[in-house]
There are 2 protein chains.
Amino acid sequence: MTEAIQTEQVSELIDKAKKAKAAASSMAKLTTDQKNRALHQIASALVREQEFILAKNDKDIVAGRNSGMTESLLDRLRLDEGRLQDMAEALVQLTGLADPVGEVLEKWERPNGLVISSIRVPIGVIGMIYEARPNVTVDAASLCLKTGNAVVLRGSSTAIHSNKALVRVIHQALSETAVPAEAVQLIEDTRRETATAMFKLNEYLDVLIPRGGAKLIQTVVANATVPVLETGAGNCHIYIDETADLEMAIDIAVNAKTQRPSVCNACETILIQETWAARHLPELLAVLQEKGVVVHGDPVVQQADGVIPAIEEDWETEYLGLEVAMKTVADVDGAIAHINTYGTRHSEAIISAAADHAERFLAEVDAAAVYHNASTRFTDGFEFGFGAEIGISTQKLHARGPMGLPALTSMKYVIKGNGQVK
Amino acid sequence: MTEAIQTEQVSELIDKAKKAKAAASSMAKLTTDQKNRALHQIASALVREQEFILAKNDKDIVAGRNSGMTESLLDRLRLDEGRLQDMAEALVQLTGLADPVGEVLEKWERPNGLVISSIRVPIGVIGMIYEARPNVTVDAASLCLKTGNAVVLRGSSTAIHSNKALVRVIHQALSETAVPAEAVQLIEDTRRETATAMFKLNEYLDVLIPRGGAKLIQTVVANATVPVLETGAGNCHIYIDETADLEMAIDIAVNAKTQRPSVCNACETILIQETWAARHLPELLAVLQEKGVVVHGDPVVQQADGVIPAIEEDWETEYLGLEVAMKTVADVDGAIAHINTYGTRHSEAIISAAADHAERFLAEVDAAAVYHNASTRFTDGFEFGFGAEIGISTQKLHARGPMGLPALTSMKYVIKGNGQVK
């Protein structure tokens, strides 16, 4: 055990992490029915106890407003009847999804008669570190419950009253079910020390999932020795190839940039093959500017009206708003090189009528999701048909891209013999 | 970039890691044939250049002997014609294995017409940290090459002349092939700093694989922020149930303990259901003791001749030799509880004629491989039929148990549309 986690401040963390680990072994034995019944109980309790929850949420809102929290942050923090209802509905929907635990992934027989199966099992204990969105508390707890994992939740101090209320309601609901209430643990001490102690709590936590802004995620990745499922930033590109259909290219670029600019799969840089640009740049710019998009352009793009000169930093920036960087490139190789240099390995698209260009792009761009003739906005567990989403992984191990329930599972080999020795 | 890796000592590391990362993108484009031709070239070169390699290896052997290295360590360090021939044969065998890169894992169509495929791709850059076995140099380089990954090798100072010679021969062989020689990098500065700098080299390394003793692996796991594939220690158990067939139980326990006691899938503790022990303990002890096994027993087992009393530490010890801990338990629950407390989640076996006891054990024991009526010694990539083995993972993310070539791959989603926007 490291020095950091022997301090008195984190005794709550150690105590709750131990309890979660103890609960994890009974979680692994639950049937799908038992888990679904518990999800239904939580759904009912959220609605039944809404007065209690909303009163506690109001304390966070008042404190947030007094401390000068911005309206958009207050909006993320706020719960109301409708949002609790949505949370309850999401829980009910989760009961309808297939339980990945117990699934036989492969089964084969060896020449010596051993029969080997690989079977999905829960991971164990998931540590969640997140910001001031109380909905993550219920979302994380329910996804972990469905996949037979225990969870240690460490939310933000600004949402602490909401989180305590929600976890109290969850515990109450679970007390009437086969799921041990101790499988859901909330760390109430929200000082920085409890988060940093979680980074190195390899003894009790099997994985850490940070959910929030790029800074939070980078801090966890750079400091955690517990394995991290990195749900990272998206500096996504649309590359418009020489052969791109005009209307399709404009539709996709505008959709990827403007349909919901605050999300990680929105487009941040548009790359344009130079002969296409010579023909169609004004039309593309006009549509973007009409939508209110501020354009940072390279020397070619700058020649158009109302374009700000792009600097090196623009190629790296995730604007998350109505701004876009725009650059001309000689060919698909130039686009691939730019993306592999500046991209965050999230979602990248080529708009092209040339199959060979598309194949090169799809093969050589290094990203979780690569698109031909479609918007990057589809990188999403629901759009992929997974029915639930833990987040979108931008790392390469364990899970990459939109993560459905199976991303919260591990596997074990089960080998049956009749006395085989080596 | 952290302070640790800005020091002058590690500039070789940064330089070589950058080159490996640059080479990784061309590695991903290689065809299976190109990779196999390169493996054949390396195989020939190892045999052709054996005089050069063995002369360099001899320098390590002489230095090792002068510094008082034990005979068993010297044996691991030693190369000879036969061993080089074996290495060359392993390379040729590797060419015969299926290339996982490019494999379509799943493919489906969404209601909006998007066609989504998940496709295996290389991980990128693998960091290998290992001890004084020069064969790991060739083994790691060839497995990474076959799976389209670049590799940064950091071996032990005691094998540095051998490793430099082997990598020189590999580079020479690759220079005549489509595989970039820069995809295989050897860190020649073997001071501790270069290893610890690798732990946090997230910018260039996608994964670290430590290969060696438990201490090396624990140091990497406890300090690395780069994701680690943990190939861990094996404190493996054989549980002999009340209903176990006498002959099968003795055969399996003796095989698991004595057939090759120095390996991670050998048995370290035998758990015996108490009524079975009352009937058969003397027979089991007699066979083990005849094989030269020293037995550390609980109070019941201690009553037999020649048994040393077990202390708490024995339940945690990986003897890796002809010693075993032995304990009686009331039932299968007692066995499961003991294993989940003291086991290292590697390989665990129940010997039983009762199907319900076996099912409980297989479901509730938390380990990479769980066996019914077979020896734990089968936890091995070759015994599983994988044709190659990177190591045996005792962690739960990405890969668990014996790791074949697919463990060195990631995946990407490829999405084809015809203009879809959200």
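Residues numbered from 1 in each chain as written. Chains lettered and ligands numbered in written order. Predicted model: local features only at pLDDT ≥ 70, side-chain atom pairs only at ≥ 80, totals over all residues. Heavy atoms only, no water.

Looking at an unreviewed UniProt entry, one finds chain A named Gamma-glutamyl phosphate reductase, with Planococcus lenghuensis as its source organism. Under the UniProt heading Catalytic activity (unreviewed entry), the note attached to chain A is "L-glutamate 5-semialdehyde + phosphate + NADP(+) = L-glutamyl 5-phosphate + NADPH + H(+)". UniProt lists a comment for chain A under the heading Pathway (unreviewed entry), and it reads "Amino-acid biosynthesis; L-proline biosynthesis; L-glutamate 5-semialdehyde from L-glutamate: step 2/2." (UniProt positions renumbered as here; feature names shortened; annotations may be inferred.)

Our next topic: the interface of chain B and chain A. With 64 residues of chain B at the contact, the number on the chain A side is 64 residues. Together chain B and chain A conceal approximately 5300 Å² of surface at their shared face, both sides included; 55% is due to carbon and sulfur atoms. Taken as a group, L397, Y413 and K422 of chain B account for 15% of the area that chain B buries against chain A, more than any other trio of residues on that side. Summed over the shared surface of chain B and chain A, the result is 6 salt bridges. Across the pair K29 of chain A and E364 of chain B runs a salt bridge whose closest N-O atoms are separated by 3.5 Å. Summed over the shared surface of chain B and chain A, the number is 37 residue pairs in polar contact (both at pLDDT 80 or more). Looking at side-chain class alone, the side of chain B that touches chain A contains 32 nonpolar, 18 polar and 14 charged residues. (Contact = heavy atoms within 4.5 Å. Buried area = accessible area lost by both parts, 1.4 Å probe. Salt bridge = Lys/Arg side-chain N within 4 Å of Asp/Glu carboxyl O. Polar contact = N/O pair within 3.5 Å; in protein donor to acceptor, adjacent residues only side chain to side chain. Nonpolar A, V, L, I, M, F, W, Y, C, P; charged D, E, K, R; others polar.)

Of the two same-sequence chains, chain B is brought onto chain A (RMSD 0.0 Å, axial shift 0.0 Å) by a rotation of 180°. The two molecules are tied by a two-fold rotation axis, judged by turn and shift. When C-alpha distances to the rotation axis are compared across chain B, the minimum falls at H398 of chain B, with a value of 1.8 Å. (Least-squares fit on C-alpha atoms with pLDDT ≥ 70 in both.)

Now for the state of the cysteines. Tallied over the entire structure, the rule returns 0 disulfides over all chains. With no disulfide of its own, C264 of chain A lies closest to C236 of chain A among cysteine sulfurs, the gap being 6.9 Å. Judged by its relative accessible area of 24%, C264 of chain A is partly exposed. As a non-bridged cysteine, C144 of chain B has C264 of chain B as the owner of its nearest cysteine sulfur, 19 Å distant. (Disulfide = S-S within 2.5 Å. Buried < 20%, exposed > 50% of the residue type's maximum accessible area, 1.4 Å probe, protein only.)

This part takes up the domain arrangement of chain A. When cut into domains, chain A gives domain 1 (3-231 + 402-416) and domain 2 (236-382). One C-alpha centre belongs to domain 1 of chain A, the other to domain 2 of chain A; they are set 36 Å apart. (Domains from an automatic or database assignment.)

Turning next to the side chain of H296 of chain B. Residue and element names in this part refer to chain B. Mapping H296 onto the fold places it in strand β9 (residues 294-297). For H296, a relative accessible area of 9% gives the class buried. When sequence neighbours within four positions are dropped, the list of residues in contact with H296 reads V307, I308, A310, D314, Y319, E323, V324, A325 and M326. (Helix = DSSP H or I, 4+ residues; strand = E, 2+ residues; numbered from the N terminus.)

Another point: the packing of aromatic side chains. Taken as a whole, this structure holds 14 aromatic pairs over all chains when the rule is applied. Ring centres of F384 of chain B and F386 of chain B lie 5.8 Å apart, and the angle between their planes is 75°; this geometry places the pair in the edge-to-face category. An aromatic cluster is present here, built from W108 and Y413 of chain A together with F384 and F386 of chain B joined pairwise through their rings. Sitting over the ring of W315 of chain A, K327 of chain A keeps its end group 5.3 Å from the ring centre. (Phe/Tyr/Trp six-rings, centres within 6.5 Å; stacked < 30°, edge-to-face > 60°. Lys NZ or Arg CZ within 6 Å of the ring centre and 35° of its normal.)

What follows is about the pairing of strand β2 (residues 115-122) of chain B. Residues and elements named next belong to chain B. When you tally the buried positions in β2, you get 6 out of 8 residues, the bulk of the element. Linking strand β1 (residues 104-109) back to β2 in an antiparallel pair, the connection comprises 5 residues, with G113 at a positive phi of about 95°. Here β2 runs beside strand β16 (residues 409-420); their pairing, made up of 8 bridges, is antiparallel. The partner of I119 across the bridge, within β16, is K412. (Pairing = 2+ DSSP bridges.)

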